[in-house]
Amino acid sequence: MNLVDAILRHGRGRPGVAALADGGRELTYAELRDLVLRTAGHLASLGVRPGERVGICLKDGWRHVVVLLAAGALNAVAVPLDWRARGGEKTRVCEALGFKLVLIEPGDEFAAACPTVAADAAWWRAVDRAVAPDRPAPDANAPFVIAPTSGTTGLPKFSPATHLQYYFRIVDFPEFQALTRPCRYLSTTPLYFGAGQRNCLAHLVRGDTVMLHPSLFRASDLVETVNAAGIDIAFVVPTAVRKLLEIAGEAGPLLPGLSALVAGGAPLFAHEKQAAARRLTPHFYERYGSSAAGGISTLCPGDLAERGDSVGQVNPLVEVEIVDEGGRPVPPGTTGRLRVRGLAVGTPLTDSDEFRGGWYYPGEVAALDARDYLYIEGRASDVIMRGGAKIYPSEIEAALREHAGVADVAVIGTRAADNEETIVAFVTARGGLLDVGTLRAHCRGRLTPYKIPSVFHIVAELPRNTGGKVDRARLVASLDQKQHGQ
């Protein structure tokens, strides 16, 4: 069997249980099984064969999940795409990957060197008329998805995962939460985004109910949904955690009914995690992972007090090392390059310096203590060099976040003519006004002089990609525009 079969078998064992809830539409596991197989039949009628790539450029709803599973049922390869990306970005991905076809939203037009099919009313009527195909023998070692491994600009690198590798990426999700019964999971992140997709499928494999929530929402909307729908588990990005903290009081947890609130996709600072456990839910977790390796570490509620500045203990299904620039392991507590290997780690489609000697290098600078707790210092590409010293933006960002008037912050380095880097801080204000002099004085009390930003920009908001991470390339571009008076 493959991963899709593990989900579809709930259509026989738990036929009346809700599998997907999306707005006013709810699909039981019996209905999901029938719809996935008929969608697979329609894809087969369009010529999709095992091993061929099917692009899924659909919004984050039940249709996206159905097509993803239908492609897997045929032993075809699903490639979720960001439906909100610009046409040129989607076109470059299509040209690079050679799709058999790409499913798109009605009215979404982009020039692609492959057939595009709108998932409109006519498409779903054709699915209703289709029959389940003669499926190839399920192959756990067949490619299941292709995921981007990095890149916020230009063309990302891609890594395929087989059904078996993907299973090892998700199998630890319920284990670290010690789930003993079916639950209701709230999906709030884009389905093309690795963590959002993996969480969704992990809960479908368990036979849970997955409630699909729009990825753009107000904190109050999320609270209302969690309480009204009886949600047990939710996964959110750090931006959402900060928005929830803004409306949470000190009297008691904002989300008392949750058995787990899981954050991931970007860093949180220790005091933010501790505040989340105190003011949102005591069942607060943080996960660190990557698209090419799945979950790498988990920070559990019991570790927040002593190791809140870590991203948790390394998961048992992955092997992690911290190495120097020559690839030699360094002692515990020493900062170096992070590398990972294990049953879940895929391989690149093309040559990539992210994969070397059987190891995957996610790009992080990190340290590992004697008990396998992982501490992320930042991305190697973001490290700032000044006077021969390495400066990690996360340290400066953590110091600035301690200012009561700072709502959000991102720090970057820009290289000057003398090859030294200038530290630039972008800050958004909470409530009242901020001034540069106050921020600089605040930093002087917390940072060594060479780490204090030379330039502060107070902005309305920080640009973020659809995965919730700060888009540092856009911050650099905004500096170029300022320098040229645009």
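From a predicted model like this one, the values you see are computed outputs, not experimental measurements. (Residues numbered from 1 in each chain as written. Predicted model: local features only at pLDDT ≥ 70, side-chain atom pairs only at ≥ 80, totals over all residues. Heavy atoms only, no water.)

## Considerations on the packing of aromatic side chains
- Under the criterion given, the structure shown has 5 aromatic pairs.
- The rings of Trp 62, Trp 123 and Trp 124 are connected pair by pair, giving a single aromatic cluster.
- Here the basic side chain of Arg 25 rests over the ring of Trp 62, its NZ or CZ set 4.5 Å away from the ring centre.
- When the ring centre of Tyr 373 is taken as origin, the NZ or CZ atom of Arg 307, which lies over that ring, is 4.4 Å away. (Phe/Tyr/Trp six-rings, centres within 6.5 Å; stacked < 30°, edge-to-face > 60°. Lys NZ or Arg CZ within 6 Å of the ring centre and 35° of its normal.)

## Re the sheet that holds strand β25 (residues 421-429)
- Read across the sheet, 3 strands follow the order β24-β25-β26 without closing on themselves; strand pairing throughout is mixed. This sheet does not close on itself; its edge strands, each paired only once, are β24 (406-415) and β26 (455-458). Pairwise comparison of adjacent strand axes, ignoring direction, gives a mean angle of 20 degrees for this sheet.
- As defined by bridge partners, β25 adjoins β26 across 4 bridges and the pair is classed as parallel. What sits directly across from Ala 425, in β26, is Phe 456. (Pairing = 2+ DSSP bridges. Helix = DSSP H or I, 4+ residues; strand = E, 2+ residues; numbered from the N terminus. Axes fitted to C-alpha atoms, helices over the stretch in contact; angles between N-to-C directions.)

## With respect to the pattern of salt bridges
- By the definition in use, this model includes 25 salt bridges.
- Arg 38 serves as the salt-bridge partner of Asp 128, at 3.3 Å between the closest nitrogen and oxygen. With Asp 128 in helix α6 (residues 121-129) and Arg 38 in helix α3 (residues 29-45), this residue pair connects regions lying 90 residues apart in the sequence.
- Two residues, Arg 464 and Asp 408, come together in a salt bridge whose shortest N-O distance is 2.5 Å. Here Arg 464 is found in the loop between β26 and α16 (472-483), whereas its partner Asp 408 is found in strand β24, with 56 residues between them in sequence.
- The class of Asp 408 is buried, set by a relative accessible area of 13%.
- Beyond isolated ion pairs, a larger network of salt bridges with shared partners links Arg 242, Glu 272, Arg 401, Asp 408 and Arg 464. (Salt bridge = Lys/Arg side-chain N within 4 Å of Asp/Glu carboxyl O. Buried < 20%, exposed > 50% of the residue type's maximum accessible area, 1.4 Å probe, protein only.)

## Quick look at unusual backbone geometry
- For Asn 75, which is not glycine, the phi torsion reads 60 degrees and is therefore positive.
- The exposure class assigned to Asn 75 is buried, which follows from its relative accessible area of 8%.
- Notably, Asp 372 is not glycine yet its phi reads approximately 70 degrees, a positive angle.
- Relative to the helices and strands, Asp 372 resides in the loop between β20 (364-368) and β21 (374-379).

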